[in-house]
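What the coordinates show
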Amino acid sequence: MLKRDAVARRRPGETAELVLEEHRALQSLIADIDAILLITTPSRIPSSLFPRLADLEVALEAHFAHEEDGGLFEQLVEEAPETAVAAAALLREHRRLRARTAALRTRALVAGGGPALATSVRRLLRDLVRHESRENELLLAVLDTASAALD
């Protein structure tokens with residue numbers, strides 16, 4: 001995990017590249033889970049999903065901790081103060097996304113849900129993709145602002 005001072009020493013482009021790389025890894029995991037939902041019979045969904053939801057929970061915890069503890073959003077707001085509201089909204093979503101992922105993993109562990117679990121997982125995946133997309137947009141906008149300032 002990066003410490004705030006380590007992130008503060010990075011140029012915006014370096015920070016953006018690291019976070020975008022993490023987002024690509026999360027997208028791969030999300031695609032794996034989505035594939036399970038497409039090919040698994042409803043009665044086997046919970047047992048098929050549990051290990052991948054556990055992986056997702058660990059990956060999200062590490063990723064969100066990196067963003068939060070590493071001071072990513074503070075750096076973005078420092079570079080582009082107009083992003084403060086969007087950055088705060090993204091940070092607030094982290095707690096909810098963590099909780100939803102943990103709850104769905106628990107449902108899969110106790111073999112609850114079948115088709116209803118699949119629907120809930122699809123909603124979570126959709127929300128994660130949207131969240132990461134908004135983070136990417138924010139990162140790239142700040143990077144563009146920082147690059148323009150250098151010109």
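Within each chain, residues carry numbers counting from 1 in the order of the written sequence. Local features in a predicted model are, by the rule used here, given only for residues with pLDDT of at least 70; side-chain atom pairs are given and counted only at 80 or more, and totals for whole chains, interfaces and linings are based on all residues. Heavy atoms throughout the structure, all of them, feed into the side-chain values; hydrogens and water do not.

1. Some thoughts on the pattern of salt bridges
Side-chain pairs of opposite charge can arise whenever the charged atoms involved come near each other. Heads up, the condition is: Take a side-chain nitrogen of Lys or Arg and a carboxyl oxygen of Asp or Glu: if they are within 4 Å of each other, that pair is a salt bridge. Helix and strand labels come from DSSP, where a helix needs a run of H or I of at least four residues and a strand needs a run of E of at least two; each type is numbered from the N terminus. Burial here depends on accessible area, computed with a 1.4 Å probe over protein chains only, as a share of the maximum for the residue type. Under 20% is buried, over 50% is exposed, and the range in between is partly exposed.
Applying the stated rule across the entire model yields eight salt bridges. For Asp32, the salt bridge is made with Arg52, and the minimal N-O distance between the two is 2.8 Å. In this pair, Asp32 is assigned in helix H2 (residues 12-39) and Arg52 in helix H3 (residues 45-69), connecting sequence segments 20 residues apart. By relative accessible area, Asp32 is classed as partly exposed at 34%. The class of Arg52 is partly exposed, set by a relative accessible area of 23%.

2. Regarding the packing of H3 against helix H5 (residues 84-109)
Stated precisely, the cut-off is as follows: A fitted line through C-alpha atoms serves as each axis, taken over the contacting stretch for helices, and the angle formed by two N-to-C directions is quoted from 0 to 180°. By the definition adopted for this analysis, an angle is roughly parallel if under 35 degrees, roughly antiparallel if over 145, roughly perpendicular if from 65 to 115, and oblique otherwise. What makes a crossing left-handed is the near helix being turned counterclockwise from the far one by less than a right angle; a clockwise turn instead makes it right-handed. For this classification, Asp, Glu, Lys and Arg are treated as charged, while Ala, Val, Leu, Ile, Met, Phe, Trp, Tyr, Cys and Pro are nonpolar and the rest, including Gly, are polar.
Orientation of H3 relative to H5, taken along the N-to-C sense of each, is 160 degrees, at an axis distance of 8 Å. For the element pair H3 / H5, the angle class is roughly antiparallel. Seen along the crossing, H3 lies across H5 with a hand that is left-handed. Split into classes, the residues belonging to the contact of H3 with H5 amount to 15 nonpolar, two polar and six charged.

Honestly, that's just the spatial picture; any functional story needs more than this.
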